[in-house]
Amino acid sequence: MNLTQNQIKALIDEKGNARKCPECKGHGVTLDRVLSCYWNCKKCNGSGKATISIPKEWVECPECKGKEEPSPCKICEYEGEIQKYKVGEEISICPKCGLENYKDNRCGVKPIKLKIISETEDEQTLVMG
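Residues numbered from 1 in each chain as written. Predicted model: local features only at pLDDT ≥ 70, side-chain atom pairs only at ≥ 80, totals over all residues. Heavy atoms only, no water.

Colleague: Help me out: how do you make sense of the overall build of the protein in this one?
Modeller: Along the backbone of the protein there are one helix and six strands. Helices (α) and strands (β) of the protein occur, in sequence order from the N terminus, as α-β-β-β-β-β-β. When contacts within the protein are restricted to residue pairs at least 6 apart in sequence, those whose partners lie at least 24 apart make up 51%. With the model as given, the accessible surface of the protein reaches about 8800 Å², and the carbon-plus-sulfur share is 49%. (Helix = DSSP H or I, 4+ residues; strand = E, 2+ residues; numbered from the N terminus. Contact = heavy atoms within 4.5 Å. Areas by Shrake-Rupley, 256 points an atom, 1.4 Å probe, with all protein chains shown as cover.)

Colleague: Whenever I open this one, the sheet that holds strand β5 (residues 112–119) confuses me. Can you help?
Modeller: Sheet strands pair by backbone hydrogen bonding; their relative direction is either parallel or antiparallel. The strand order β1-β6-β5-β4 describes an open sheet built from four strands, whose pairing is antiparallel. Only two strands of the sheet have a single partner each, and these edge strands are β1 (51–55) and β4 (90–93). Neighbour-to-neighbour, the strand axes of the sheet open up by a mean angle of 40°, direction not taken into account. Looking at chain direction, β5 and strand β6 (residues 123–128) are connected through five bridges and run antiparallel. Across the sheet, Leu114 pairs through a bridge with Met128, a residue of β6. (Pairing = 2+ DSSP bridges. Axes fitted to C-alpha atoms, helices over the stretch in contact; angles between N-to-C directions.)

Colleague: What's the story with a negative patch on the surface in this structure? I'm lost.
Modeller: On the surface, Glu60, Glu77, Glu79 and Glu81 cluster together into a patch of negative charge. With respect to the secondary-structure elements, Glu81 resides in strand β3 (residues 81–83). (Patch = residues over 30% accessible without salt bridge, like charges linked within 9 Å, V, L, I, M, F, W, Y side chains within 5 Å. Salt bridge = Lys/Arg side-chain N within 4 Å of Asp/Glu carboxyl O. Lys, Arg positive; Asp, Glu negative; His and termini not counted. Charge placed at Lys NZ, Arg CZ, Asp CG, Glu CD.)

Colleague: How do you make sense of the pattern of salt bridges when you look at a structure like this?
Modeller: Pairs may arise between side chains of opposite charge once their charged atoms sit close together. Tallied over the full model, the rule gives three salt bridges. Here Lys84 ties to Glu57 by a salt bridge, and the two come within 3.6 Å at their closest N and O atoms. On the criterion of sequence distance, the pair formed by Lys84 in the loop between β3 and β4 and Glu57 in the loop between β1 and β2 (58–60) is long-range, its members being 27 residues apart. The exposure class of Lys84 is partly exposed, given its relative accessible area of 31%. (Buried < 20%, exposed > 50% of the residue type's maximum accessible area, 1.4 Å probe, protein only.)

Colleague: What should I look at first to understand the nonpolar core in this one?
Modeller: For soluble globular proteins, nonpolar side chains are generally found buried alongside one another. Within the largest apolar cluster, 15 residues are counted, with the highest numbers of intra-cluster contacts made by Met1, Leu3, Ile91, Ile93, Leu114 and Leu126. Elements with a contribution of two residues or more to this core: α1 (5–11), β1, β4, β5 and β6. Tallying contributions element by element places β5 first for this core, with three residues. Cys61, Cys73, Cys76 and Ile82 belong to the second-largest nonpolar core, a separate cluster that totals five residues. (Core = buried A, V, L, I, M, F, W, Y, C linked by side-chain atoms within 4.5 Å.)

Colleague: Would you mind showing me how to read the confidence of the model for the protein here?
Modeller: Predicted coordinates in areas of low pLDDT are best not read in detail. This prediction gives the protein a mean pLDDT of 79; 81% of its residues lie at or above 70. When mean pLDDT is taken per element in the protein, β1 scores highest with 90 and β3 scores lowest with 83. (pLDDT = per-residue confidence, 0-100.)

Colleague: Before we go on, may I ask you to explain the side chain of Lys56 in this structure?
Modeller: By secondary structure assignment, the location of Lys56 is in the loop between β1 and β2. Relative accessible area serves as the criterion here: at 15%, Lys56 is assigned to the buried category. A distance of 3.0 Å separates a polar side-chain atom of Lys56 from the backbone oxygen of Thr120. When near neighbours in sequence (up to four residues on either side) are disregarded, Lys56 contacts Gln83, Glu119, Thr120, Glu121, Asp122, Glu123 and Gln124. (Polar contact = N/O pair within 3.5 Å; in protein donor to acceptor, adjacent residues only side chain to side chain.)

Here it is as structure tokens:
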């Protein structure tokens, strides 16, 4: 996963803090919460933080790797590919260069942790973890 600087700026401010959700203004709830105490904001899933949507990424199924024809596989169900990230998974990203799983601190900045909070058929929604 590589994020652009615009995507990173949509999630964090200049000081590295998470931006507030534009829909619920960081409260984690919509105005409907006045009527019902349990309704979460649909955009941020109640986190109160700004979100971005990215296309889903797929990787080769480790069970089918190297096989010419997919055999019975419980992991990918004959598709040959699986999702790279699942809902609830945390990903480390360098805020300076946008590279994932940033561990060696080449840029000299602390990595940010992003969490996948929801997904659709084609996209996943990320929030600062």
